[in-house]
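Here is how the chains run, residue by residue.
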Amino acid sequence: MSNIESVLNEIRVFSPSPEFTRQANVSGMAGYEALRKAAEQDYPGFWAKLARETLLWKKPFTRSLDQSNAPFFKWFEDGELNVSYNCLDKHLATQPEKIAIIFEADDGKVSKVSYRELHGRVSQFANGLKSRGIRKGDRVIIYLPMSVEAVVAMQACARIGAIHSVVFGGFSAKSLHERIIDAQACAVITADAQMRGGKLMPLKSIVDDTLAMGGCESVHSVIVYRRAGCDVNWNDALDIWYHDLFNSQPTHCEPEWVSAEHPLFILYTSGSTGKPKGVQHSSGGYLLGTMLTMQWVFDYKPSDVFWCTADVGWVTGHSYVAYGPLAVGATQVMYEGIPTYPDAGRFWKMIQDHKVTTFYTAPTAIRSLIKLGSDLPGQYDLSSLRLLGTVGEPINPEAWMWYYNTVGQARCPIVDTWWQTETGCHMIAPLPGAVPTKPGSCTLPIPGIQVAVVDETGEEVGKKHGGSLVITKPFPSQIRTIWGDPDRFRKNYFPEEMRGYYLAGDSAHRDEDGYIWIMGRNDDVLKVSGHRLGTMEIESALVANPLVAEAAVVGRPHEIKGESIVAFVVLRGARPADPAKARQIVESLRDWVSKEIGPIAKPEEIRFGDNLPKTRSGKIMRRLLRTIANGEEITQDVSTLENPTILEQLKEAIL
Ligand code: WTA
């Protein structure tokens, strides 16, 4: 609660400077209001006009929004286009030699790719995919490190109408397996290894382990990019080198023209159950959302050098690395490694070296860089910066102020962007030349997006009251369905009591100016270092261990990571009396979770009890566990607990 309260007390307001406002794509509150009003007056017409102006269509659409089968909304459905054409071919006539990607490797080596080169590489790789029989609608898993090749792979899929599903390189064989099977993927694109922080981490061998688990018969090709040059096992029947597939191909590949509703990608994300959801996005509506927010929220200018630090394994790396910046024709920086290598000045040095104008990162990165060297930005020339952004979790006002003063030198507006894997692009964020910002608030919805804070019946709560955040009208970039599970999609995001609103899963409140303050998830989803993880997934992983009978996982506020994972575990045998033995079991369970899901899901702490606190109906009392994990006084009613002594057990940390 203390975090929420400090945010509630925040009263500082930062208006954009007149110089920023003057040059902004949306200038002043009048500009913002004009767009907002246009959306209010003719909602489908507003989006149709933008879709016509912003995207290149092979065949124009005649209908904007189709809500006949709500909540399975369709946008611009009878129109045909190709996303890769919109990101690449479009620029060939106007700016072929402009640098599209400045790639900096872990070791500092820089390579630059122009739009012409990128177009050629994407076309070659698209032809390579076709030569393996991959066609429109086929699912392709991309399990690659941050690299130009990852963007090429995503764009190449889009070019031929194949549906990509990028799996973050920090996920384990088990997680990869689950996603390959759910998507029934025909190919996996991977690398021999990834380089991060000077360390080599294998990827191909994880793919080998995944396929050896069985059930992946749908996969007929494993395409391997040679990044590290390390030894890999080779299976001639499946494996092919990326460069072999690529080099022999022509640099022309006619794009596959698809309906605006054709799925562009599936991205798996955590929800309230043990099984990740395959969030399915469209082609037209999704691209429109990423392009408009590049213009509106990032105030994109052709002279910008844009840098979004997100990995392509997450939605931020899809919308603001692989698609949005290319679609608007930006020069962007891409970085292979971690923010703290070789030291915590790496980001600042890269901003200086590449003259970055627009920098977009996560609060967790900001907090760790404050901790490791709050004075380091001062050692670099950051005068190129003109706009800063954050995403992924609420930013605490102190970190916001540091970012504003020390990185932005009190010159650059900060866009705190609230959105989700499911929304495809920013939903609530300041337009930087218009909306004054308040540290810790994502401010107001972007034009065309209507949000509300409601109670459990869908009724709007008053200002300054907490409630559930909903989006009240369909919008082009939204999730279309959960891959293979339309029922779960409807129940999860459009539950009956919510009156047809999209339920975000976050709690929030509005202040007296109508500004939105996100208070965190109100389902069982955690944000650990910006990574979205489901408590149920971690619990399922724990109970899959032969030592474990039962497990409950909760989040605990963490100074740098935002949240950390605490697991309460009931072992099959007795609780270990010997502390050394207990520590050994804790370590083995942490490693186990790391293998089951990935190192990102490792619990920070594990505690043992003879039982877990449950309600009479058998539901685990998570709120109580959160209180215990935080070391706070228990104020909840515990009279219904069968065995109150277990609370004492669970309070005991294993040191
Ligand atoms: C949280 C990331 C506060 C929120 C793009 C949301 C935020 C979840 C913000 C989605 C923000 C994202 N302020 N909270 N600016 N941005 N969140 O799917 O809880 O990885 O529901 O998408 O992150 O996480 P996801």
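Up top is the structure.
What counts, and where the lines are drawn
Residues numbered from 1 in each chain as written. Predicted model: local features only at pLDDT ≥ 70, side-chain atom pairs only at ≥ 80, totals over all residues. Heavy atoms only, no water. Helix = DSSP H or I, 4+ residues; strand = E, 2+ residues; numbered from the N terminus. Contact = heavy atoms within 4.5 Å. Areas by Shrake-Rupley, 256 points an atom, 1.4 Å probe, with all protein chains shown as cover. Lys, Arg positive; Asp, Glu negative; His and termini not counted. Charge placed at Lys NZ, Arg CZ, Asp CG, Glu CD. Salt bridge = Lys/Arg side-chain N within 4 Å of Asp/Glu carboxyl O. Buried < 20%, exposed > 50% of the residue type's maximum accessible area, 1.4 Å probe, protein only. 1 Å grid on protein atoms, 1.4 Å probe; cavity = no way out; pocket = protein on both sides within 12 Å on 5 of 7 lines; lining within 4 Å. Points joined across faces, edges and corners; volume = space filled by probe spheres on them. Nonpolar A, V, L, I, M, F, W, Y, C, P; charged D, E, K, R; others polar. Pairing = 2+ DSSP bridges. Core = buried A, V, L, I, M, F, W, Y, C linked by side-chain atoms within 4.5 Å. Near = heavy atom within 4 Å. Polar contact = N/O pair within 3.5 Å; in protein donor to acceptor, adjacent residues only side chain to side chain. Axes fitted to C-alpha atoms, helices over the stretch in contact; angles between N-to-C directions. Phe/Tyr/Trp six-rings, centres within 6.5 Å; stacked < 30°, edge-to-face > 60°. Lys NZ or Arg CZ within 6 Å of the ring centre and 35° of its normal. Parallel < 35°, antiparallel > 145°, perpendicular 65-115°, else oblique. Left-handed = near helix turned anticlockwise from the far one by under 90°.

Student: Got a minute to help me understand the overall build of the protein chain in this structure?
Tutor: Across its full length, the protein chain carries 20 helices and 30 strands. C-alpha atoms of the protein chain, sized along the principal axes, occupy 75 × 65 × 60 Å. Sequence-distant contacts in the protein chain: of pairs separated by 6 or more residues, those separated by 24 or more amount to 71%. Surface exposure of the protein chain reaches about 24,600 Å², of which carbon and sulfur atoms provide 51%. Distance between charge centres in the protein chain, computed from 69 positive and 76 negative side chains, equals 2 Å.

Student: Before we go on, may I ask you to explain the pattern of salt bridges in this structure?
Tutor: Where charged atoms from two side chains of opposite charge approach closely, those side chains can pair. With the rule as written, the count across this model stands at 40 salt bridges. Of the charged contacts in the structure, one is a salt bridge between E422 and R532, with a shortest N-O distance of 2.8 Å. Highlighted residues: E422 in the loop between strand 20 (414–417) and strand 21 (451–454) and R532 in strand 27 (residues 531–534), separated in sequence by 110 residues. By relative accessible area, E422 is classed as buried at 1%. Note that K602 is salt-bridged to D591, the shortest N-O span being 3.6 Å. Note that K602 is positioned in the loop between helix 18 (579–596) and strand 30 (605–608) and D591 in helix 18, a separation of eleven residues in sequence. With relative accessibility at 36%, the residue D591 sits in the partly exposed group.

Student: Would you mind showing me how to read empty space enclosed by the protein here?
Tutor: If you roll a probe as big as a water molecule over the atoms, it shows you where there is empty space left. Applying the stated criterion across every chain, the model contains five cavities of 30 Å³ or more. Here the largest cavity defines a volume of roughly 70 Å³. Around the largest cavity, the lining comprises 14 residues; the ones closest to its centre are W47, G289, C425, I446 and S477. When residues of the lining of the largest cavity are assigned to their parent elements, the largest contribution, six residues, is made by helix 11 (residues 284–296). For the lining of the largest cavity, a count of residues per class yields ten nonpolar, four polar and no charged. Grouping the constituent residues of the lining of the second largest cavity by class yields six nonpolar, three polar and no charged.

Student: Explanation requested: the pairing of strand 24 (residues 502–510) in the structure shown.
Tutor: For a regular strand, side chains alternate in direction, first toward one face of the sheet and then toward the other. Counting buried positions along strand 24 yields nine of nine residues, so the element is predominantly enclosed. Hairpin connection, strand 24 to strand 25 (residues 516–521): the antiparallel pair is bridged by five residues, and G514 has positive phi, about 85 degrees.

Student: Explain the nonpolar core here, please?
Tutor: W47, L118, F125, I189, Y323, L469 and V569 are the most contacted members of the largest nonpolar core, which has 166 residues in total. Here this core gets ten residues from one element, more than from any other, and that element is helix 7 (residues 148–160). Ignoring anything within four residues of it in the chain, the contact list for F125 reads V152, A153, A156, I189, I223, Y242, L245 and F246. Ranked by size, the runner-up nonpolar core spans 30 residues in total, among them V356, F359, I366 and L385.

Student: Where do I start with the site of the ligand in this structure?
Tutor: The ligand sits among 17 residues. The nearest are D416, T417, T421, R521 and R532. E393 is positioned such that a nitrogen or oxygen atom in its backbone is 3.4 Å from a nitrogen atom of the ligand. The separation between an oxygen atom of the ligand and a polar side-chain atom of T421 is 2.5 Å. Among the elements of the structure, helix 12 (315–327), strand 20 and strand 25 are those that each provide at least two residues to the shell around the ligand. Classifying every residue of the shell around the ligand by side-chain character gives six nonpolar, five polar and six charged.

Student: Could you clarify how one ought to interpret the sheet that holds strand 28 (residues 548–558) in this entry?
Tutor: Whenever strands of a sheet pair, they do so through backbone hydrogen bonds, lying parallel or antiparallel. An order of 28-29-30 is seen for the three strands of this open sheet, with the pairing classed as mixed. Strands at the two margins of the open sheet, each flanked by one partner only, are strand 28 and strand 30. The average angle at which neighbouring strand axes cross in this sheet is 25 degrees, direction not considered. Along the sheet, helix 17 (residues 535–543) makes contact with strand 28 and strand 29 (562–571), crossing strand 28 at roughly 145 degrees.

Student: Quick question: what am I supposed to make of the layout of surface pockets here?
Tutor: Its boundaries defined by the atoms lining it, the second largest pocket holds a volume of some 320 Å³. For the second largest pocket, the lining is made up of 17 residues, of which S272, K491, N492, L503 and D523 are closest to its centre. The set of elements that each furnish at least two residues to the lining of the second largest pocket consists of helix 16 (486–493) and strand 24. Considering every element that reaches the lining of the second largest pocket, the biggest residue donor is helix 16, with four residues. Its residues assigned to classes, the lining of the second largest pocket comprises three nonpolar, seven polar and seven charged.

Student: How should the packing of aromatic side chains be read in this particular structure?
Tutor: Two aromatic rings are characterised by how far apart their centres lie and by the angle between their planes. All told, the structure shown has 40 aromatic pairs when counted by the stated rule. Ring geometry for W234 versus W241: centroids 4.6 Å apart, planes at 20 degrees, classification stacked. These aromatic residues form a ring-pair network of at least three members: Y43, F46, W47, W57, F61, W75 and F76. The ring of F171 has R179 lying over it, and the distance from NZ or CZ to the ring centre is 4.5 Å. Its end group placed over the ring of Y43, K473 keeps NZ or CZ at 4.5 Å from the ring centre.

Student: Looking at this structure, I do not really get the environment of E256. What am I missing?
Tutor: Among the secondary structure elements, E256 is positioned in the loop between helix 10 (242–247) and strand 13 (258–259). Of the residues examined, E256 reaches a relative accessible area of 34% and is grouped as partly exposed. Spatially, the C-alpha atom of E256 lies 38 Å from that of P599, the residues being 343 residues apart in sequence. Setting aside anything within four residues of it in sequence, one finds E256 in contact with L81, N82, K136, R159, I160 and G161.

Student: What exactly am I supposed to notice about the packing of helix 8 (residues 173–183) against helix 9 (residues 204–212) here?
Tutor: Between two packed helices, both the angle of their axes relative to each other and the distance between the axes serve to describe the pair. The contact between helix 8 and helix 9 brings their axes to 9 Å, and the two run at 60 degrees. It follows from the interaxial angle that helix 8 and helix 9 lie oblique. Crossing of helix 8 against helix 9: the hand is right-handed. Mapping the contact onto sequence places A173, L176, H177 and I180 in helix 8 and I206, V207, D209, T210 and L211 in helix 9. Taken together, the residues of the contact of helix 8 with helix 9 sort by class into six nonpolar, two polar and one charged.

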